[in-house]
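Coordinate analysis (summary)
Spelled out from the first residue to the last, the chains are:
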Amino acid sequence: MENEKQKVDYVSRAELFKHGNDIKKEMSRKVDKVEDKVDKISEEVVELKVLVIPMVTSAKETAKNTQKMADTLERYTRSTTKQLHEHDLEIAHVKNSIDNTLKNIADDESEIKEKRFSNVQIITSVLALVGIILGGILSWDWGQFIFK
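Residues numbered from 1 in each chain as written. Predicted model: local features only at pLDDT ≥ 70, side-chain atom pairs only at ≥ 80, totals over all residues. Heavy atoms only, no water.

What follows is about the overall build of the chain. Summing up its helical and strand segments, the chain has three helices and zero strands in all. Seen in sequence order, the chain has helices and strands lined up from the N terminus as α-α-α. Looking at the 148 residues of the chain, the share that counts as buried comes to 0%. Accessible surface, the chain: about 14400 Å² in total, of which carbon and sulfur atoms supply 63%. (Helix = DSSP H or I, 4+ residues; strand = E, 2+ residues; numbered from the N terminus. Buried < 20%, exposed > 50% of the residue type's maximum accessible area, 1.4 Å probe, protein only. Areas by Shrake-Rupley, 256 points an atom, 1.4 Å probe, with all protein chains shown as cover.)

This is the structure:
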């Protein structure tokens, strides 16, 4: 038993080499696994670059085109607004011109109507005066004046 106890207390050089080699092999396997994973990740990164870089470029071009469209729409809106404003001013001018023309026509017609009305008043008053005079003459008792 003592012999076994002594045997356990020390390690031989061969066992140390064997144990060291086992650790080296295990570490080599682990390093190889890590290298394989890194290689896979590198391949995936390359694949992502192949996919993502064109997408980024496309997105940048889309952003430029969108900005160009926004600028074009803004210019179109400005010019359309300006044209509509000028058109509204022209319509207002035409409307005012028509209103003034109609007002002048109405004023001319009202002057004619006023002249006619005043002429009718004069004729009516003359006829009334003649009627009053004739009525007075006819209603006068001529018999008294003649037969007296």
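We now examine a negative patch on the surface. A contiguous patch of negative charge, built from Asp32, Glu35, Asp36, Asp39, Glu43, Glu44 and Glu47, is present on the exposed surface. Relative to the helices and strands, Glu35 is located in helix α2 (residues 13-139). (Patch = residues over 30% accessible without salt bridge, like charges linked within 9 Å, V, L, I, M, F, W, Y side chains within 5 Å. Salt bridge = Lys/Arg side-chain N within 4 Å of Asp/Glu carboxyl O. Lys, Arg positive; Asp, Glu negative; His and termini not counted. Charge placed at Lys NZ, Arg CZ, Asp CG, Glu CD.)

So, on to a positive patch on the surface. Residues Lys25, Arg29, Lys33, Lys37 and Lys40 make up a contiguous surface patch of positive charge. Relative accessible area serves as the criterion here: at 52%, Arg29 is assigned to the exposed category.

Let's shift gears to the confidence of the model for the chain. Within the chain, residue pLDDT values average 82, and 88% of them lie at 70 or more. No element of the chain has a lower mean pLDDT than helix α1 (residues 2-9), which averages 58, and none a higher one than α2, which averages 86. (pLDDT = per-residue confidence, 0-100.)

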